[in-house]
Amino acid sequence: MIVDYHMHLRAPDESIEHTVEAVERFVEHAAERGIDEIGFTEHIYYFEQTRQLWSMPYHLERCAYDIEPYVNAVVEAKRLGHSVKLGIEVDYEPGREEETAEALAPYPWDYVLGSIHFLDGLGIDAEPSLVESLGAEGAWHRYYEALARAGASGLFDSLAHPDLVKMFGDEIDWDWDAVAGSLDGVAIEVSSAGLHKRHGKLYPNAALLRAARERGIPITLASDSHVPQNVGRDLDRAIEHARAAGYETVTLFDRREARQEPLG
Ligand SMILES: [Zn+2]
Ligand SMILES: [Zn+2]
């Protein structure tokens, strides 16, 4: 089984298009790449219903779309028989767990994907970055502490690009077993998106993925595609990476229930 559980429902030019037709373009590209099931995970901050969660201009500027067409497009595509799942990529805001849960409550998610893109108003994969401000070691401490809180919050079924903090600065020898140990009860994604970033690496690194495997943490697969033509891109590399760490199964979600299927 091959799933791609991280993508943004957009038109081919990457503009927001939350329609059944847009879903069907992703479904077609997924079929061409041999992907069995895809899950949409639009950024939650695009939806005006979540405005109360945000304080940074980055989020507030984008918070302009109604969430209903997004949810309805994926639900309708499911009804038409497409192998699609309704997810959402949620920026974890430490201290705003209750408000986040309230914002998510009205909709029939198959899974909720937790992400950390900003901490203390600074970017993890955007500039000005937390690494610039605190140095790599300080930023990594802050990031992995927040990731553990995200995992323990109960808000998320899976965590996106779990070592995103390597975007800027040097990679550091780290206690990956401690990181994996802090993520009990939540899946992590093995993502090919980093192959197309400045560092050119998969998420997460091999040592973290091995530690996660030893701890029994389940995985999903992710392209983080923002256009239909990139669905499933380089997932063969992500699968190889997961196998090298000892994984033999991949997680599927249905209305927030997880199950394991053979990988590949
Ligand atoms: Zn992300
Ligand atoms: Zn994403």
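Here's what I pulled together on the structure shown here. Small disclaimer: the values here were computed from a predicted structure and weren't measured.

**Thoughts on the environment of Arg215**
Step number 1: For Arg215, the location among the structural elements is in the loop between α7 (206–214) and β9 (219–222).
Step number 2: Owing to a relative accessible area of 43%, Arg215 belongs among the partly exposed residues under this scheme.
Step number 3: Once the C-alpha coordinates of Arg215 and Asn72 are considered, the two residues, 143 residues apart in sequence, prove to be 37 Å apart.
Step number 4: Ignoring sequence-local partners within four residues, the contact set of Arg215 consists of Asp177, Ala180 and Gly181.

**Some words on the sheet that holds strand β1 (residues 3–4)**
Step number 1: Strand order in the open sheet formed by 7 strands is β1-β2-β3-β4-β7-β8-β9, and the pairing between neighbours is parallel. Each end of this open sheet is capped by a strand with a single partner; those strands are β1 and β9.
Step number 2: Of the pairings in the sheet, the one linking strand β7 (residues 158–159) to strand β8 (residues 187–191) comprises 2 bridges and is parallel in character. Residue pairing for β8: Leu159 is matched across the bridge by Ile188.

**Focus: the coordination of the zinc ion (ligand 1)**
Step number 1: Looking at the metal site, the zinc ion (ligand 1) is ligated by Glu89 (OE), His117 (NE2) and His161 (NE2), spaced 2.1 to 2.2 Å from it.
Step number 2: When the donor residues of the zinc ion (ligand 1) are listed from N- to C-terminus, their spacing reads E-x27-H-x43-H.
Step number 3: Take Glu89: its relative accessible area is 1%, and that puts it in the buried class.

**Let's talk about the side chain of Glu189**
Step number 1: Examined against the element boundaries, Glu189 turns out to sit in strand β8.
Step number 2: Within the local environment of Glu189, its side chain forms a polar contact with the side chain of His6, the two groups lying 2.9 Å apart.
Step number 3: Setting aside its immediate chain neighbours within four residues, Glu189 contacts His6, Leu113, Ser158, Leu159, Ala160, His161, Pro162, Tyr203, Pro204, Thr220 and Ala222.

**What to know about the coordination of the zinc ion (ligand 2)**
Step number 1: Within the protein, His6 (NE2), His8 (NE2), Glu89 (OE) and Asp224 (OD) serve as the donor atoms for the zinc ion (ligand 2), at 2.0 to 2.3 Å.
Step number 2: With 4 donor atoms in place around the zinc ion (ligand 2) and angles of 82 to 168° between them, the coordination shape is irregular.
Step number 3: Every donor residue of the zinc ion (ligand 2) comes from the same chain, spaced as H-x1-H-x80-E-x134-D.
Step number 4: A spacing of 3.6 Å is found between the zinc ion (ligand 2) and the zinc ion (ligand 1), which share Glu89 as a donor. Summarising the burial analysis for this pair, His6 and His8 share the class buried.

Rules of the game
Residues numbered from 1 in each chain as written. Chains lettered and ligands numbered in written order. Predicted model: local features only at pLDDT ≥ 70, side-chain atom pairs only at ≥ 80, totals over all residues. Heavy atoms only, no water. Helix = DSSP H or I, 4+ residues; strand = E, 2+ residues; numbered from the N terminus. Buried < 20%, exposed > 50% of the residue type's maximum accessible area, 1.4 Å probe, protein only. Contact = heavy atoms within 4.5 Å. Pairing = 2+ DSSP bridges. Donors = N, O, S within 2.8 Å, 3.2 Å for Na, K, Ca; no water. Polar contact = N/O pair within 3.5 Å; in protein donor to acceptor, adjacent residues only side chain to side chain. Tetrahedral: all angles 85-135°; square planar, octahedral: opposite > 155°, others 65-115°.

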